[in-house]
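# What the coordinates show
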Amino acid sequence: MLLTDLGRLLNETVDFLQPLAKQRGHQVRIENLVGKVPAQADANRLKQVFLNLSLNAFRAMPPGGELRVRIAWAPQFPGELAQIDFRDQGRGLAPELLERIYEPGFTTTPGSPGLGLSVCKNVIEQHGAKFACTANRNRAALFRSSCPFLPEQTHEQCLDRGRRGGHARGAGG
């Protein structure tokens, strides 16, 4: 794992997605409220997560929908816990499906293999972070990832903290 800047990684992902968003009539807005966020992380695997969450949002949103990507310090741990949110204006998800969305093969999209969210959750958890979703029928979905991203931490320390429950926070509104 190399030290990577999460803010830069999110910007690169959003820049890459802009042509597709424009083609579909969507807007992608990024809010970086923390500036540079160094993390011991596999940049390619995190980009895979960011791309998958964005593409899922695009599929769920009607033309004119907005995907808001926000990186901020978690309120209870400023300067220690980076919180990354992907909030879309899609069709929503029935609350009773929230437990199943991470099951490999489960999908609400015809033709989808249903692996994306399972992979996302695994990658985020392998980084010692928490990954959660909140959604309501006919409302936006929010995917939140939180992990203590400090440059002096090793990947194993981050994983260990994640296993113990550490500072990671679950989903919220």
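Before reading further, recall that the structure is shown in the block above.
These numbers were taken from a predicted model, which means no experiment stands behind them.

### Some remarks on the overall build of the protein
Of regular secondary structure, the protein possesses four helices and seven strands. Helices (α) and strands (β) of the protein occur, in sequence order from the N terminus, as β-α-β-β-α-β-β-α-β-β-α. Here the contacts in the protein between residues at least 6 apart in sequence split such that 71% fall between residues at least 24 apart. When the accessible surface of the protein is totalled, it reaches about 8700 Å², and 51% of it is carbon and sulfur.

### A short note on the packing of aromatic side chains
Taken as a whole and assessed by the stated rule, the structure comprises three aromatic pairs. Taking 5.9 Å as the distance between ring centres and 20° as the angle between the ring planes, the aromatic pair formed by F131 and F143 counts as stacked. One end of the pair, F131, is in strand β6 (residues 130-135); the other, F143, is in strand β7 (residues 141-148), with twelve residues separating them in the sequence. According to the relative accessible area criterion, F143 is buried, its value standing at 10%. Members of the aromatic cluster, each reached through a chain of ring pairs, are Y102, F131 and F143. The ring of Y102 carries the charged tip of K121 above its face, separated from the ring centre by 5.4 Å.

### So, helix α1 (residues 6-24)
In this model α1 runs 26 Å from its N-terminal to its C-terminal C-alpha over 19 residues, within 8% of the 27 Å that 1.5 Å per residue would give. Where α1 is buried, its residues touch β1 (2-5), β2 (27-32), β3 (38-41), α2 (43-60), β4 (66-73) and β5 (81-87). Measuring from the backbone nitrogen of G7 back to the side-chain oxygen at the start of α1 gives 3.1 Å, which picks out D5 as the cap.

### Considerations on the packing of α2 against helix α3 (residues 116-126)
Put simply, α2 and α3 touch, their axes get as near as 9 Å, and they point 145° apart. For the pair α2 and α3, the sense of crossing is left-handed. Contact residues: α2 offers R45, L46, Q48, V49, N52, L53 and N56, while α3 offers G116, L117, V119, C120, V123, I124 and Q126. The residue inventory of the contact of α2 with α3, partitioned by class, reads eight nonpolar, five polar and one charged.

### Digging into the packing of α1 against α2
One can describe the packing of α1 onto α2 by two numbers: an axis separation of 10 Å at closest approach and a directional angle of 30°. For the pair α1 and α2, the sense of crossing is right-handed. In this structure, α1 contributes L6, L9, L10, E12, T13, F16, L17, L20, A21 and R24 to the contact, and α2 contributes A43, L46, K47, F50, L51, S54, L55, F58 and R59. Among the residues making up the contact of α1 with α2, the classes are represented as 13 nonpolar, two polar and four charged.

Reading the values: rules and limits
- Residues numbered from 1 in each chain as written.
- Predicted model: local features only at pLDDT ≥ 70, side-chain atom pairs only at ≥ 80, totals over all residues.
- Heavy atoms only, no water.
- Helix = DSSP H or I, 4+ residues; strand = E, 2+ residues; numbered from the N terminus.
- Contact = heavy atoms within 4.5 Å.
- Areas by Shrake-Rupley, 256 points an atom, 1.4 Å probe, with all protein chains shown as cover.
- Phe/Tyr/Trp six-rings, centres within 6.5 Å; stacked < 30°, edge-to-face > 60°.
- Buried < 20%, exposed > 50% of the residue type's maximum accessible area, 1.4 Å probe, protein only.
- Lys NZ or Arg CZ within 6 Å of the ring centre and 35° of its normal.
- Expected span 1.5 Å × (residues − 1).
- Polar contact = N/O pair within 3.5 Å; in protein donor to acceptor, adjacent residues only side chain to side chain.
- Axes fitted to C-alpha atoms, helices over the stretch in contact; angles between N-to-C directions.
- Left-handed = near helix turned anticlockwise from the far one by under 90°.
- Nonpolar A, V, L, I, M, F, W, Y, C, P; charged D, E, K, R; others polar.

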